[in-house]
Amino acid sequence: LKSIAGRKKVTLEMGGNAAVIVDESADLESAVKTIATGSFIYAGQVCISTQRIYVVESVFDRFVDMLQRAMSGITAGDPGVEGITVGPIIDDMHLHRIRDWVDEAVANGATVLCGGAVADEEHHIYAPTLLTNTSSNMRVCRDEVFGPVAIVETVRDFAEGITRTNDSEFGLQAGVFTNTFTHVKAAHEQLEVGGIMINNVPGFRVDSMPYGGIKSSGFGREGLKYAMEEMTEPRLLIY
């Protein structure tokens, strides 16, 4: 679209592969609750769904144990029924694509911590899925799953978490769970994304904020004020 638009301003939001970093100072109970929901809202069919979770090694085992327990309580099915978090995938093609990507990851060494299968073929329900022992070249890590699938991996420290988050062609939004202000500053200075959510998942947005990304996540910013600025030509008058 951008290549055929000609000499005009273009704003494009082109998807993502959102990551969160959890450091040793984070409130793990709060982080787990937020991340478990953030990984599966809208059955993952939103560009800022949490897909990659990087946790510093000193709290990794405890965090994963808590996350598995939290995710085991997330139910899939008819979203019109109270208590159902994960609804259907939009069509057969994408249901089968998600299944194939997860199956491919498992065949290449990934471990399923929960889910990992089609729960209801007729109604396009894919079970809420958490994987670990993945590698960066797997499609569940490299590409946008756009489904209820997340991966969780350990990192040595916060700096490696930033490096792993940036190891993506996408750069829409990221989440950072920390109570260390130097990590907040480092995230702001070094993360290659359009927006950083501190102690929240990347899926947070409101219409008034400058929403958008960099790299393959698009061009320009949404949000009333910012979209108007994107499409406005300034005129200078000097006298």
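Below: a short report on this structure. The model shown is predicted, which means the values in this text are computed figures rather than measured ones.

**Focus: the pattern of salt bridges**
For the structure shown, the criterion picks out 9 salt bridges. Notably, a salt bridge pairs D100 with R99, separated by 3.2 Å at the nearest N-O pair. Among the salt bridges present, the one from R142 reaches D143, with a minimum N-O distance of 3.0 Å. Since its relative accessible area comes to 38%, R142 is described here as partly exposed. Under the relative-accessibility criterion, D143 is labelled buried at 17%. Linked through salt bridges whose partners overlap, the residues forming this network are R156, E160 and R164.

**Thoughts on the sheet that holds strand β10 (residues 173-177)**
In spatial order, the strands read β4-β7-β8-β3-β2-β10-β11; together these 7 strands make up an open sheet with mixed pairing. With partners counted over all chains shown, the strands left at the sheet margins are β4 (111-114) and β11 (195-198), one partner each. Across the sheet, the mean angle from the axis of one strand to that of its neighbour is 25 degrees, orientation sign disregarded.

**Comments concerning the packing of aromatic side chains**
All chains considered together, the criterion is met by 0 aromatic pairs. K2 extends its terminal NZ or CZ atom over the ring of F219, reaching a point 4.9 Å from the ring centre. Cation over ring: R97 sits above W101, and NZ or CZ is 4.7 Å from the ring centre.

**Considerations on helix α3 (residues 92-107)**
Taking 1.5 Å per residue as the helical rise, α3 with its 16 residues ought to reach 22 Å, and the 22 Å between its terminal C-alpha atoms agrees with that figure. Among all positions of α3, only L95, R97, I98, W101, V102 and A105 are buried. The buried residues of α3 occupy one face: seen down the axis, they fall within an arc of 165 degrees. Away from its buried face, by an angle of more than 90 degrees, α3 presents the exposed residues M93 and A107. Packing partners of the buried residues in α3 comprise β5 (118-120), β6 (125-126), β7 (129-132), α4 (139-142) and β8 (149-155). Put simply, D91 is the residue that caps the front of α3, since its side-chain oxygen is 3.3 Å from the backbone nitrogen of M93. Phi for G109, located one or two positions after α3, is positive at around 115 degrees.

Procedures and definitions
- Per chain, residue numbering runs from 1 following the sequence as it is written.
- Note on the predicted model: pLDDT of at least 70 is required for a residue's local features to be given, and 80 or more for side-chain atom pairs to be given and counted; whole-chain, interface and lining totals, by contrast, use all residues.
- For side-chain calculations, the full set of non-hydrogen atoms in the structure is used, while hydrogens and water are omitted.
- By definition here, a salt bridge exists when the distance from a side-chain nitrogen of Lys or Arg to a carboxyl oxygen of Asp or Glu is within 4 Å.
- Residue burial is assigned from relative accessible area. The probe radius is 1.4 Å, only protein chains are included, and a residue is buried under 20% of its type maximum, exposed over 50%, and partly exposed in between.
- Two strands make a pair as long as DSSP finds a minimum of two bridges between them.
- Helix and strand definitions here come from DSSP, where helices need a minimum of 4 consecutive H or I residues and strands a minimum of 2 consecutive E residues; each element is numbered from the N-terminal end.
- Between N-to-C directions, angles span 0 to 180 degrees; the directions come from axes that are lines fitted to C-alpha atoms, helices contributing only their stretch in contact.
- For Phe, Tyr and Trp, where Trp contributes only its six-membered ring, two rings pair if their centres lie within 6.5 Å, and the inter-plane angle classes them as stacked under 30 degrees, edge-to-face over 60, or tilted in between.
- Any Lys NZ or Arg CZ found within 6 Å of a ring centre and within 35 degrees of that ring's normal is scored as a charge over the ring.
- Multiplying 1.5 Å by the residue count of a helix minus one yields the expected span of that helix.
- Think of it as the arc spanned by the lines of direction from the helix axis to the C-beta atoms.
- In what follows, residue pairs with any heavy atoms lying within 4.5 Å of each other are defined as contacts.
- Here a polar contact is recorded for every N or O atom pair within 3.5 Å, except that within protein the pair must consist of a potential hydrogen donor and a potential acceptor, and residues adjacent in sequence are included only if both atoms are side-chain atoms.

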